[in-house]
Amino acid sequence: MEKNIEFFDINFWFGENYLSQKYTLFEEDAAKILQKRKIENNINFTLISNFLSYFYSPAVGNDLTSELIKKDEFKDAGVAGALFMEQEWFYHPDDFENWLIKRNKNGFKLLRLFPKSHKYPFELSLFTPFYEILNSYNFPVMISIDELDITGNKNIEWDKIAEIADMYDNMPIIIEGGQSKELMYNCFLLTLLNNTSNVYIETHNLLGFNQVEDIVDFKGADRLIFGSYYPFFDDKLAVSRIINSSLDVKDKTKIASINMKCIIDNIII
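Computed from a prediction, not measured in an experiment: that's the story for all the values here. (Residues numbered from 1 in each chain as written. Predicted model: local features only at pLDDT ≥ 70, side-chain atom pairs only at ≥ 80, totals over all residues. Heavy atoms only, no water.)

1. Section: the overall build of the chain
Summing up its helical and strand segments, the chain has 14 helices and eight strands in all. By the compact-globule yardstick of 18 Å for 269 residues, the chain fits well, its C-alpha radius of gyration being 17 Å. For the chain, the C-alpha atoms occupy an extent of roughly 50 × 45 × 35 Å along the three principal directions. A total of about 12100 Å² of accessible surface is found on the chain, and carbon and sulfur atoms cover 51% of it. Looking at the chain, you have 27 positive and 40 negative side-chain charges, and the mean spots of the two groups are 5 Å apart. (Helix = DSSP H or I, 4+ residues; strand = E, 2+ residues; numbered from the N terminus. Rg over C-alpha atoms; globule rule 2.2 N^0.38 Å. Areas by Shrake-Rupley, 256 points an atom, 1.4 Å probe, with all protein chains shown as cover. Lys, Arg positive; Asp, Glu negative; His and termini not counted. Charge placed at Lys NZ, Arg CZ, Asp CG, Glu CD.)

Put into structure tokens, the structure is as follows:
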């Protein structure tokens, strides 16, 4: 039965990685890999993130992703898009709502925030117009721990995430681990989960012994969401970490796909 668990991957990157050809994944190769994962690992749904949106232009990358997910080979792989915040909306915040509605109807199910890399604020006082709209539509956002490390010295601004979650409790906030493989954040993650109702942890870097199990024991399986972080991390390893955990099948299924499906189904656009 566990081999039949369906996975929904929220953290798959494609396109040209300007820093490393090792992690470059062009369109035709991405389609083949997505189909292969579907067959071999039962990853039947994937939110794709475009390196072009990260390294060059969020707007251009969003447009390219929008065209890509309309193609049959990507539709067959169960693909939807991850949005990147476009700087234009800081000039014209009143247009953000229509943009979000249009992008959602074009297949985007998540907004990724890169305040450190793309040089914009995410704090409660400065991002309020956008959080209010996202909250009104129950639209999920995802932010990496790397993006919260403002100083580069692992000084993570956890309290700011807690404040945002408390103020906008209809907006799911997904924390993903980026390049981090360290266990030093466990206590912060547990405290964050304990003091919020709408913060979720993505799983790709939870590779420590019993790390996933400990979080589930502490707060239940409802607050964990599967992500592979491909091509940086191996998707087979990400899947096997959940499949081979000591959790019961019900909890594994929640983490693998049900939790994210519920978040998407709850978007009210």
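2. Some words on the pattern of salt bridges
The tally for this structure, following the rule as stated, stands at 13 salt bridges. A salt bridge links Lys-71 to Glu-27, with the nearest nitrogen and oxygen atoms 2.6 Å apart. Of this pair, Lys-71 sits in the loop between α3 (58-68) and α4 (72-75) while Glu-27 sits in helix α1 (residues 27-41), placing them 44 residues apart in sequence. Take Glu-27: its relative accessible area is 28%, and that puts it in the partly exposed class. In this structure, Arg-241 and Glu-213 form a salt bridge, with 2.9 Å as the shortest nitrogen-oxygen distance. One end of the pair, Arg-241, is in helix α13 (residues 235-243); the other, Glu-213, is in helix α12 (residues 211-219), with 28 residues separating them in the sequence. In this pair, the class of Arg-241 matches that of Glu-213, namely buried. What you see here is one network of salt bridges that share partners, running through Asp-9, Arg-37 and Asp-235. (Salt bridge = Lys/Arg side-chain N within 4 Å of Asp/Glu carboxyl O. Buried < 20%, exposed > 50% of the residue type's maximum accessible area, 1.4 Å probe, protein only.)

3. Some details on the layout of surface pockets
By volume, the largest pocket amounts to about 270 Å³. Lining of the largest pocket is provided by 17 residues; of these, Tyr-54, Asp-146, Gln-179, Tyr-229 and Phe-232 occupy positions nearest its centre. Here the lining of the largest pocket is composed, by residue class, of eight nonpolar, five polar and four charged. (1 Å grid on protein atoms, 1.4 Å probe; cavity = no way out; pocket = protein on both sides within 12 Å on 5 of 7 lines; lining within 4 Å. Points joined across faces, edges and corners; volume = space filled by probe spheres on them. Nonpolar A, V, L, I, M, F, W, Y, C, P; charged D, E, K, R; others polar.)

4. Focus: the packing of aromatic side chains
Tallied over the full model, the rule gives 27 aromatic pairs. Between Trp-13 and Phe-114, the aromatic rings sit 6.2 Å apart at their centres with planes inclined by 65°, giving edge-to-face as the arrangement. In this pair, Trp-13 is assigned in strand β1 (residues 7-14) and Phe-114 in the loop between β4 (108-113) and α7 (115-118), connecting sequence segments 101 residues apart. Taken as a pair, Trp-13 and Phe-114 share a single burial class, namely buried. An angle of 40° between the planes, with centres 5.9 Å apart, marks the rings of Phe-51 and Phe-55 as tilted. With Phe-51 and Phe-55 both in helix α2 (residues 51-55) and four residues apart, this pair spans about one turn of that helix. A relative accessible area of 24% places Phe-55 in the partly exposed class. (Phe/Tyr/Trp six-rings, centres within 6.5 Å; stacked < 30°, edge-to-face > 60°.)

5. A word on the pairing of strand β7 (residues 199-202)
For a regular strand, side-chain orientation follows a simple rule: the groups alternate between the two sheet faces. Residues of β7 alternate between two faces, with Val-199 and Ile-201 on one and Tyr-200 and Glu-202 on the opposite face, all of them buried. Two elements, strand β6 (residues 173-176) and β7, share three bridges in a ladder whose sense is parallel. What sits directly across from Ile-174, in β7, is Tyr-200. One crossover worth recording links β7 to the parallel strand β8 (residues 224-225) by way of α12, and it is right-handed. (Pairing = 2+ DSSP bridges. Right-handed = clockwise from strand over helix to strand, strands pointing away.)

6. Focus: the packing of helix α6 (residues 96-105) against helix α8 (residues 128-136)
The contact between α6 and α8 brings their axes to 10 Å, and the two run at 40°. Considering their axes alone, α6 and α8 lie oblique with respect to each other. Remark: the crossing between α6 and α8 carries right-handed chirality. Residue-level inspection shows Phe-96, Glu-97 and Leu-100 of α6 in contact with α8, the latter providing Phe-130, Ile-133 and Leu-134. (Axes fitted to C-alpha atoms, helices over the stretch in contact; angles between N-to-C directions. Parallel < 35°, antiparallel > 145°, perpendicular 65-115°, else oblique. Left-handed = near helix turned anticlockwise from the far one by under 90°. Contact = heavy atoms within 4.5 Å.)

7. Thoughts on empty space enclosed by the protein
In the structure shown here, the tally under the stated rule is three cavities of 30 Å³ or more. Counted as a void, the largest cavity has a volume near 60 Å³. Around the largest cavity sit eleven residues that line it, and Ile-145, Leu-189, Asn-205, Leu-206 and Gln-211 are the ones nearest its centre. Of the residues that constitute the lining of the largest cavity, the class distribution is five nonpolar, four polar and two charged.

8. A short note on the sheet that holds strand β2 (residues 43-50)
What the eight strands build is an open sheet, ordered β1-β2-β3-β4-β5-β6-β7-β8; its pairing is parallel. Each having just a single partner strand, β1 and β8 make up the two edges of the open sheet. Bridge count between β2 and strand β3 (residues 79-84): three bridges; the pairing is parallel. In the sheet register, Leu-47 faces β3, and the bridge partner there is Ala-80.

9. Some thoughts on the pairing of β1
Of all eight residues in β1, eight are buried; the element is thus mostly enclosed. In this structure, β1 lies alongside β2, joined through six bridges in parallel fashion. Within β2, the residue paired with Phe-12 across the bridge is Ile-48. Note that the unit made of β1, α1 and β2 has a crossover that is right-handed.

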